[in-house]
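Observations on chain architecture
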Amino acid sequence: MKNSTIARYFAPASTGNFSVGFDLLGAAFEPVAVGDTNDALFGDVLEITGEQSELSLQISGRYRHQLPADSSTNLVLSCFYAFEQAVGKPLPRLALHLQKNLPVGSGLGSSACSIVVACYGFNDYFGQPLNQQQLLQLMAEAEGGVSGSVHYDNVAPSLLGGLQLMLPGSKNVCRTLPWFSHWRVVLSYPGTVLSTKAAREVLPRQLTLADSIEFAGMLSRFVSALYCQDEPEAIAALQDLVAEPARTTLIPELPALRQALTTKGVLHLGISGAGPTLFALCPDDATAANAAAYLQQHYEKNADACTRICQLSTAGARALALQPADDGQRM
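So, a few notes on the structure that sits alongside this text. None of the values given here were measured: they were computed from a predicted structure.

**Focus on the packing of helix 2 (residues 75–87) against helix 3 (residues 110–125)**
- Their axes nearest at 9 Å, the elements helix 2 and helix 3 cross at an angle of 45°. In terms of axis orientation, helix 2 runs oblique to helix 3. As for how helix 2 packs across helix 3, the hand of that crossing is right-handed. Listed contacts from helix 3 to L75, V76, C79, F80 and F83 of helix 2 are S111, S114, I115, A118, C119, F122 and N123.

**Digging into helix 3**
- Given a rise of 1.5 Å per residue, 16 residues ought to cover 22 Å, and the 22 Å separating the end C-alpha atoms of helix 3 matches this to within 8%.
- Positioned one or two residues after helix 3, G127 has a phi angle of 85°, which is positive.

**Thoughts on the packing of aromatic side chains**
- Scanning the model with the defined rule gives 13 aromatic pairs in all.
- Members of the aromatic cluster, each reached through a chain of ring pairs, are F18, F29, W179, F180, W183, F222 and F279.

**Quick word on helix 11 (residues 285–298)**
- The first and last C-alpha atoms of helix 11 sit 20 Å apart over 14 residues, in line with the 20 Å expected at 1.5 Å per residue.
- For helix 11, the elements touching its buried residues are strand 8 (184–189), helix 10 (254–263), strand 10 (278–282) and strand 11 (306–312).
- The opening residue of helix 11, the one whose side-chain oxygen lies 3.4 Å from the backbone nitrogen of A286, is D284.

**As for the pattern of salt bridges**
- Under the defined criterion, the tally for this structure stands at 8 salt bridges.
- Note that R8 is salt-bridged to E47, the shortest N-O span being 3.2 Å. Of the two residues, R8 is situated in strand 1 (residues 5–16) and E47 in strand 3 (residues 43–52); the sequence distance between them amounts to 39 residues. The exposure classification of R8 matches that of E47, with both residues buried.
- In this structure, K301 engages E253 in a salt bridge whose closest nitrogen and oxygen atoms are separated by 2.7 Å. Remark: E253 occurs in the loop between helix 9 (244–247) and helix 10 and K301 occurs in the loop between helix 11 and strand 11; sequence separation between them is 48 residues.
- The class for E253 is partly exposed, based on a relative accessible area of 25%.

**A word on the packing of helix 10 against helix 11**
- Packing of helix 10 against helix 11 brings their axes to within 11 Å, and their N-to-C directions diverge by 150°. Our classification of the angle between helix 10 and helix 11 gives roughly antiparallel. Along this stretch, helix 10 crosses helix 11, giving a crossing that reads as right-handed. Counted together, L257, A260 and L261 of helix 10 and A291, Y294, L295 and H298 of helix 11 form the full contact between these two elements.

Conventions we followed
Residues numbered from 1 in each chain as written. Predicted model: local features only at pLDDT ≥ 70, side-chain atom pairs only at ≥ 80, totals over all residues. Heavy atoms only, no water. Axes fitted to C-alpha atoms, helices over the stretch in contact; angles between N-to-C directions. Helix = DSSP H or I, 4+ residues; strand = E, 2+ residues; numbered from the N terminus. Parallel < 35°, antiparallel > 145°, perpendicular 65-115°, else oblique. Left-handed = near helix turned anticlockwise from the far one by under 90°. Contact = heavy atoms within 4.5 Å. Expected span 1.5 Å × (residues − 1). Phe/Tyr/Trp six-rings, centres within 6.5 Å; stacked < 30°, edge-to-face > 60°. Polar contact = N/O pair within 3.5 Å; in protein donor to acceptor, adjacent residues only side chain to side chain. Salt bridge = Lys/Arg side-chain N within 4 Å of Asp/Glu carboxyl O. Buried < 20%, exposed > 50% of the residue type's maximum accessible area, 1.4 Å probe, protein only.

Next comes the structure, spelled out in structure tokens:
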């Protein structure tokens, strides 16, 4: 191999929609209390271990078993070819290693995370031939091939970090919104899979004029409250008027969990992306700890389940510290 070091890249988990902003809001999250290095990397890691004659991909990580055994169809490889096409010239083939730390079909932006870490990593490794707007477009198109429609509410926060508002029709794809620094978000994945395509199939094909006005008004109310740092108003505006009414049939535990967690001081319980992961918005660490314990007991279903107490991840995708190559540990 050409290189003697490993280039390592990371992209965080993300929550699309954030209840009030269907396809228009997305937030990146990272654990608050880090028990070990795996908890710290609540997202996917891509390692580029060198250049070789053929493109190759090894996969490890907690959720490796949820991916097809044949890695030739993996998103990381398809992203490489899409990136090469966007650059407009042949690129050296790479030896790649993906650590799949997010569950598939979970509502945590798993596919977006793999896409972001791959495209970000390739762009950095090859000297950043694409600018940020070009990268976002490439990522959104790749995500559209998975979910059935081009949308940015997972790829944008996973790349850029923070809470992102999508700006349709603007030359700027998205804009970072203010946040309440004391807020904690508990992300609870029950261990079951719910594909984005299946979750989108139950959505209404059209909204009435009244519903459209109410949706736009609630999103405007939430964004305004963030800029004014009006916390009660922001919480009151967190209402999913589009997806949740249709998707509750796919997550029947939601109403009872919301009622129980509200009595424990949780500010809001919503569906993370297409689900089945739920997110509990909490005012402080103590409430988040109680919410996490409750969700672990009443929502987790199997060994694949995980519940994390998180804060907003402001860094987004990034390079990690280089490590010496050790082929003996990877093969």
